Amino acid sequence: MSIRRPLIAGNWKMNGLKAEARILAEALASRVNAIGSTPFDLLVCPPFPVLSTVVGAVAGTGIGVGGQDCHAKVSGAHTGDVSAAMLVDQGCQFVILGHSERRADHHESDDVVQAKVAAALAAGLVAVVCVGETEAQRDAGETLAVVSSQLAGSLPSGADPRQLVIAYEPVWAIGTGRTPTIEDVAQVHAAIRWDLSRLLGAEAAAGVRVLYGGSVKPDNAQALMALDDVDGALVGGASLKADDFWAIAMACPAP
Ligand code: PGA
């Protein structure tokens, strides 16, 4: 069993108007309130416009709130972008960075992700840094090499490990209902842990949570969360249903 406290993170992506966001956040808040303290950390990452609605709905529950991206600069002429300080100002403690949808849709390279991570850490946020291979890379046997180089390229040197969470998300598993085998997930997570000790030092790396993401559902969560090197999940589709998201969190092994 992992020594790290599990983190179950919901990536709402571009879903949810104010009313829906409030209902979903309140549903999670009431579940947390009903059991008092949870053996896992919960995080929700809604779209920017509903951040303050969600921050208000989960206030006092311990549920974390995060953005889904931030700009590398503190402020300036960057139309449509949001800075890390703005996320903090809205009540966020986290930000997802380097998600494969941003790497693909917005051509974000490792260098861009690294600069964003540095900005997030400087603003006091915890960065959930995403890495993962495409199906073609997996078929070519390049999974470990791709993940390792994304990790090395996306983490700024001297990053404070207490402000880092890594999410391993095979691109081909996102939103498809397909997942790697349990053995494959275990192998990649062990490799990530090894890379983290090389990059951050063994002691610091031991505290960094490494989440699995990509079609996590209530029915596969238990097997995934039982793995030693899996410290939680980054959940997309299933995080939009309070029952499913909660069931995934409850599938974490008891401490
Ligand atoms: P999914 O998305 O759970 O819908 O596969 C995961 C993610 O993209 O973070």
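A. Here's a closer look at the nonpolar core. Counting residues in hydrophobic clusters, the biggest one holds 66 residues, and the most contacted among them are Ile8, Leu42, Ile166, Ile192 and Leu196. Ranked by the residues each element gives to this core, the list is headed by helix α1 (residues 18-35), at six residues. If sequence neighbours within four positions are ignored, leucine 196 has contacts with Leu151, Leu155, Ile166, Gly201, Ala205, Val208 and Val210. Counting residues in hydrophobic clusters, the runner-up holds 13 residues, among them Leu7, Phe94, Val165 and Leu234.

B. Representation of the site of the ligand. Taken together, 13 residues surround the ligand, and among them Lys13, His99, Glu169, Gly175 and Ser215 come closest. Glycine 175 places a polar main-chain atom, nitrogen or oxygen, 2.6 Å from an oxygen atom of the ligand. Between glycine 236 and the ligand, the recorded distance is 2.8 Å, taken from a backbone N or O atom to an oxygen atom.

C. Layout of the side chain of arginine 209. Tracing the sequence through the fold places arginine 209 in strand β7 (residues 209-213). On the basis of relative accessible area, arginine 209 is assigned to the buried category, the value being 15%. One polar contact links arginine 209 to aspartate 41, side chain to side chain, over a distance of 2.8 Å. If sequence neighbours within four positions are ignored, arginine 209 has contacts with Arg4, Arg5, Pro6, Leu7, Asp41, Leu164, Val165, Ile166, Arg193 and Asp231.

D. Focus on the pattern of salt bridges. Per the stated rule, a full pass over the model turns up 17 salt bridges. As a salt-bridge pair, aspartate 69 and lysine 116 come within 2.8 Å of each other at their nearest N and O atoms. A residue pair is termed long-range when its members are at least 10 positions apart, and aspartate 69 in the loop between β3 (64-67) and α3 (84-90) and lysine 116 in helix α5 (residues 110-122) qualify at 47 residues. Each member of the pair, aspartate 69 as well as lysine 116, carries the same accessibility label: buried. One continuous salt-bridge network, built from bridges that share partners, spans Arg4, Arg193, Asp229 and Asp231.

Parameters and conventions
- Residues numbered from 1 in each chain as written.
- Predicted model: local features only at pLDDT ≥ 70, side-chain atom pairs only at ≥ 80, totals over all residues.
- Heavy atoms only, no water.
- Core = buried A, V, L, I, M, F, W, Y, C linked by side-chain atoms within 4.5 Å.
- Buried < 20%, exposed > 50% of the residue type's maximum accessible area, 1.4 Å probe, protein only.
- Helix = DSSP H or I, 4+ residues; strand = E, 2+ residues; numbered from the N terminus.
- Contact = heavy atoms within 4.5 Å.
- Near = heavy atom within 4 Å.
- Polar contact = N/O pair within 3.5 Å; in protein donor to acceptor, adjacent residues only side chain to side chain.
- Salt bridge = Lys/Arg side-chain N within 4 Å of Asp/Glu carboxyl O.

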